[in-house]
Amino acid sequence: MKSFLKISILFALSFGSVSAHALYTQLGASYGYKTQTFDKDNNNKTESLTGSVSLYFWERIALELSYTDATALVESKASSTDPRRTTIQRSQVLGADLVFVLADKTATFQPYIKGGIAQIKRSQQIKIEGQDTYTNDPETALAPSYGVGLKIALTNEFGLKLSYDAWQTPIGNNTSTNDSSFRAGITWDL
């Protein structure tokens, strides 16, 4: 969290001088939620909230800075006699991406592609019914990120935004996982 605060302060200090050279700035907020139930003893829920600032230097090219806070809750029980296992995983993703919009700013539908880098911080807590709670030390890693999306302009300033983002998270032993997220949200052009 401290590194996020440092980056936020640095961004806030430089935002005034950078935004003076940008054609326009776009603020965004999106939310994601998913539930999955296998049976009465096995289910999972994921929830994420993302905030973003995009600085457009040309009408179709922008630098997007984003922050995502995501939580996953998994409850499982192998059989009726086994103890319940509850796993809570929290991820914080701080991203910087170059965005290329494939349509004019005045178009109703504005598809885009993006690529960049993300700092991912993950922690995990495991509770086993009738036993101790285990906490895995937080991991922090840098990973390449990419995505596609669609902005639907509702007015000149406001729009809906749908996106699919993915990143390769290092998990140790020179291996990585392919993580992804689908989001829906709103945008506001300043």
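Structure: above.
What comes next concerns the included structure. Since this is a predicted model, take the numbers as computed values, not measurements.

Definitions and limits used
Every chain begins its residue count from 1, and numbering advances along the sequence as written. Whole-chain, interface and lining totals are the exception, using all residues; otherwise, since this is a predicted model, local features are given only for residues with pLDDT of at least 70 and side-chain atom pairs are given and counted only at 80 or more. By convention in this description, side-chain values take in all heavy atoms of the structure and omit both hydrogens and water. Here, nonpolar core means buried Ala, Val, Leu, Ile, Met, Phe, Trp, Tyr and Cys residues that are tied together by side-chain atoms lying within 4.5 Å of each other. Exposure classes here rest on a 1.4 Å probe applied to the protein chains alone. A residue is buried below 20% of its type maximum, exposed above 50%, and partly exposed in between. Each Phe, Tyr or Trp ring, with Trp reduced to its six-membered ring, pairs with another whose centre is within 6.5 Å; inter-plane angles below 30 degrees give stacked pairs, above 60 give edge-to-face pairs, and intermediate values give tilted ones. Strands are runs of DSSP state E lasting at least two residues, helices are runs of H or I lasting at least four, and both sets are numbered from the N terminus onward. For a ring to carry a charge above it, either NZ of a lysine or CZ of an arginine must fall within 6 Å of the ring centroid while also lying within 35 degrees of the normal to the ring plane. Points on a 1 Å grid over protein atoms alone make up a cavity when a 1.4 Å probe fits among them but cannot get out, and a pocket when they form an open set with protein on both sides within 12 Å along at least five of seven lines; lining residues each have an atom within 4 Å of a point. Grid points are joined across faces, edges and corners, and a volume is the space filled by probe spheres set on the points. Pairing of N or O atoms within 3.5 Å defines a polar contact, subject to two protein rules: one partner must be a possible hydrogen donor and the other a possible acceptor, and residues neighboring in sequence count only if both atoms are side-chain atoms. Note on definitions: a residue-residue contact is assigned when non-hydrogen atoms from the two residues lie within 4.5 Å. The residues that make up patches have over 30% relative accessible area and no salt bridge, and they are joined within 9 Å when like-charged or within 5 Å when they are Val, Leu, Ile, Met, Phe, Trp or Tyr. Surface exposure here means Shrake-Rupley accessible area, sampled with a 1.4 Å probe, where a residue is shielded only by the protein chains that are shown. Here a salt bridge means any side-chain nitrogen of Lys or Arg lying within 4 Å of a carboxyl oxygen belonging to Asp or Glu. Lys, Arg, Asp and Glu make up the charged group, whereas Ala, Val, Leu, Ile, Met, Phe, Trp, Tyr, Cys and Pro make up the nonpolar group; the residues left over, Gly among them, are polar.

1. Comments concerning the nonpolar core
- Membership of the largest hydrophobic core is limited to 6 residues, which are Tyr24, Tyr56, Ala62, Val99, Val101 and Tyr112.
- With 5 residues, the next largest nonpolar core counts Val93, Ala118, Ile120 and Ala143 among its residues.

2. Quick look at the packing of aromatic side chains
- Across all of its chains, the model carries 2 aromatic pairs by this definition.
- Note on Tyr24 and Tyr56: the rings are 4.4 Å apart at their centroids and 5° apart in plane angle, and the pair reads as stacked. With a gap of 32 residues between them, Tyr24 in strand E1 (residues 24-39) and Tyr56 in strand E2 (residues 42-58) connect regions that are remote in the sequence. Considered together, Tyr24 and Tyr56 belong to a single accessibility category, that of buried residues.
- The ring of Tyr24 carries the charged tip of Lys105 above its face, separated from the ring centre by 4.5 Å.

3. Describing the layout of surface pockets
- Estimated volume of the largest pocket: approximately 610 Å³.
- The wall of the largest pocket is formed by 27 residues, among which Thr46, Ala70, Trp167, Ser180 and Ser181 lie closest to the centre.
- Breaking the lining of the largest pocket down by element, the ones donating at least two residues are E1, E2, strand E3 (61-76), strand E4 (85-101), strand E5 (109-128), strand E7 (158-172) and strand E8 (175-189).
- If you tally residues by element for the lining of the largest pocket, the top one is E8, at 8 residues.

4. Brief notes about the side chain of Thr68
- Within the secondary structure, Thr68 sits in strand E3.
- A polar side-chain atom of Thr68 sits 2.7 Å from a polar atom in the side chain of Thr50.
- Excluding residues within four positions of it along the chain, Thr68 makes contact with Ser48, Leu49, Thr50, Ser91, Gln92, Val93 and Arg183.

5. Regarding a nonpolar patch on the surface
- A cluster of nonpolar side chains, namely Phe100, Leu102, Ile113, Val148, Leu162, Tyr164 and Phe182, defines an oily patch on the protein surface of about 640 Å² accessible area.
- Among the structural elements, Phe182 can be located in strand E8.
- When its relative accessible area of 57% is taken as the criterion, Phe182 is described as exposed.

6. Here's the deal with the side chain of Lys77
- Positionally, Lys77 belongs in the loop between E3 and E4.
- Residue contacts for Lys77: discarding those within four places in its chain leaves Asp41, Asn42, Asp82, Pro83 and Arg84.

7. What about empty space enclosed by the protein?
- The tally for this structure, following the rule as stated, stands at 3 cavities of 30 Å³ or more.
- Together, 17 residues line the largest cavity, and Ser30, Thr50, Ser52, Lys161 and Ser163 are the ones closest to its centre.
- Partitioned by chemical class, the residues of the lining of the largest cavity number 4 nonpolar, 8 polar and 5 charged.
- In this model, the second largest cavity occupies a volume close to 120 Å³.
- Along the wall of the second largest cavity there are 15 residues; nearest its centre are Ser66, Asp97, Ser145, Asp165 and Trp167.

By themselves, these are just geometric observations and shouldn't be taken as functional.
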